[in-house]
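# A closer look at the structure
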Amino acid sequence: MRSRSTIFLFLLSSALFIVLYVILSLNNRMPYEDYNFFSLLKTEGPIDVMLKMYNEFCARWSAYTVGFYFAQLYQNRFLLPLFHSITILVLFSSLYFLIKKLFTIYFPNRVNG
């Protein structure tokens, strides 16, 4: 049986992690490549920018493709914190469902559905 202090410390550390994560996401900035991408997007067409990014930087061209869809939203100050909140929510929920699925596969009699 868990003691109250253990549960309290777990909840406190979880809350502090979430607060730290939100504070850091509020101060997050885009990297140089994103600024370069958006400046090229204003002067050249999207196809030319994608070809240039693919031929020169190659590693992040799929991220730039997604960036086209969110280009107008980057002017909003709250896009990055919202993005990070959704990202961590998807991460925790996917880990939860993965662990739950693994337990139902390997320990089918011990897990309540």
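A short tour of the structure in this document, coming up. Numbers given to residues run from 1 along each chain, matching the order in which its sequence is written. Restriction of local features to residues with pLDDT of at least 70 applies here, the model being predicted, together with a cutoff of 80 or more for giving and counting side-chain atom pairs; totals for whole chains, interfaces and linings are based on all residues. Derived side-chain values reflect all non-hydrogen atoms in the structure, with water molecules and hydrogen atoms excluded from consideration.

When you go through the protein residue by residue, the secondary structure sums to five helices and zero strands. Reading the protein from its N end, one meets helices and strands in the order α-α-α-α-α. Here the protein holds 113 residues, and 15% of them are scored as buried. Every residue pair with non-hydrogen atoms within 4.5 Å of one another is taken to be in contact. Taking all contacts inside the protein whose residues are at least 6 apart in sequence as the whole, residues at least 24 apart take part in 54%. For the protein, the exposed area adds up to about 9,600 Å²; of that, 69% sits on carbon and sulfur atoms. Numbering goes from the N terminus for both helices and strands, where a helix is a DSSP run of H or I of at least four residues and a strand is a run of E of at least two. In this scheme, a residue with accessible area under 20% of its type's maximum is buried, one over 50% is exposed, and one in between is partly exposed, where area comes from a 1.4 Å probe on protein chains only. Accessible areas in this description were obtained via Shrake-Rupley with a 1.4 Å probe; residue shielding takes into account the shown protein chains only.

Before going further, it helps to spend a moment on the side chain of His-84. Here His-84 is to be found in helix H5 (residues 79-106). What His-84 contacts, discounting residues up to four positions off in sequence, is Tyr-21, Ser-25 and Asn-28.

Put simply, two rings from Phe, Tyr or Trp (the six-membered ring, in Trp's case) pair if the centres are within 6.5 Å, and we call them stacked under 30 degrees between planes, edge-to-face over 60, tilted for the rest. Going through the model one piece at a time under the given rule, you end up with four aromatic pairs. Note on Tyr-96 and Phe-97: the rings are 5.2 Å apart at their centroids and 65° apart in plane angle, and the pair reads as edge-to-face. Ring geometry for Phe-103 and Phe-107: centres 5.5 Å apart, planes at 35°, overall tilted. A relative accessible area of 41% means that Phe-103 is categorised as partly exposed. Counting every residue linked through ring pairs, the aromatic cluster contains Phe-17, Tyr-21 and Phe-92.

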